[in-house]
Amino acid sequence: MNEQEKKELQSKIGDDVFKELIPRINELAHKAKNECLSEVEKLEQADLRKKYVAHFRENFKKQIEMMKVYDKNGKEVTPGKVREVQRHKGLRDD
């Protein structure tokens, strides 16, 4: 599996999770605007939001770990911590 296929697979996995969470989060938000949520619904809403934020952070971290940064002269200036993570995951040869 090449890098592009890995990215597409990760994207599809992430999209499925978001497709499950977002409609219910929105449904509860609309209900909260129009009427009062029950205690169970408030707990569910808080739990769904936590899951959403955790998944968002995980995806964002993966994107950062895949990134290489270059200056105007074309010299790589990727932060050392990111380089170490990339080496650990086998994404770098240096």
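Please refer to the structure higher up on the page.
Residues numbered from 1 in each chain as written. Predicted model: local features only at pLDDT ≥ 70, side-chain atom pairs only at ≥ 80, totals over all residues. Heavy atoms only, no water.

A.B. asks: Can you tell me about the nonpolar core, naming the residues and giving the values?
C.D. replies: Nonpolar side chains in soluble globular proteins tend to end up buried together. Counting residues in each nonpolar core, the largest one holds five residues, listed as L21, I25, L28, L37 and L48. Among the elements that line this core, the one with the most residues is helix α1 (residues 3-34), at three residues. Setting aside its immediate chain neighbours within four residues, L48 contacts L21, R24, I25 and L28. (Core = buried A, V, L, I, M, F, W, Y, C linked by side-chain atoms within 4.5 Å. Buried < 20%, exposed > 50% of the residue type's maximum accessible area, 1.4 Å probe, protein only. Helix = DSSP H or I, 4+ residues; strand = E, 2+ residues; numbered from the N terminus. Contact = heavy atoms within 4.5 Å.)

A.B. asks: An account of a nonpolar patch on the surface is needed here, citing residue identities and associated values.
C.D. replies: Among the surface-exposed residues, F56, F60, I64, M67, V69 and V77 lie close enough to one another that they form a single nonpolar patch of about 500 Å² accessible area. By secondary structure assignment, the location of I64 is in helix α2 (residues 39-66). On the basis of relative accessibility, which here comes to 32%, the residue I64 falls in the partly exposed class. (Patch = residues over 30% accessible without salt bridge, like charges linked within 9 Å, V, L, I, M, F, W, Y side chains within 5 Å. Areas by Shrake-Rupley, 256 points an atom, 1.4 Å probe, with all protein chains shown as cover. Salt bridge = Lys/Arg side-chain N within 4 Å of Asp/Glu carboxyl O.)

A.B. asks: Tell me about the packing of aromatic side chains, and name the residues and values.
C.D. replies: Tallying each qualifying case throughout the model produces one aromatic pair. Centroid distance F56 to F60: 6.4 Å. Interplanar angle 5°. Geometry classified as stacked. Pair noted here: F56 and F60 are both in helix α2, with a separation of four residues, about one helical turn. Accessibility expressed as a relative area gives 46% for F60, which makes it partly exposed. (Phe/Tyr/Trp six-rings, centres within 6.5 Å; stacked < 30°, edge-to-face > 60°.)

A.B. asks: Account for the pattern of salt bridges, with residues named and values stated.
C.D. replies: Summed over the entire model, instances satisfying the criterion amount to nine salt bridges. Here R24 makes a salt bridge to E27, at a shortest N to O gap of 2.6 Å. On the criterion of helical spacing, the pair formed by R24 and E27 is a turn pair, its members being three residues apart in helix α1. For R24, a relative accessible area of 24% puts it in the partly exposed group. For the salt bridge of E58 with K62, the shortest nitrogen-to-oxygen distance reads 3.3 Å.

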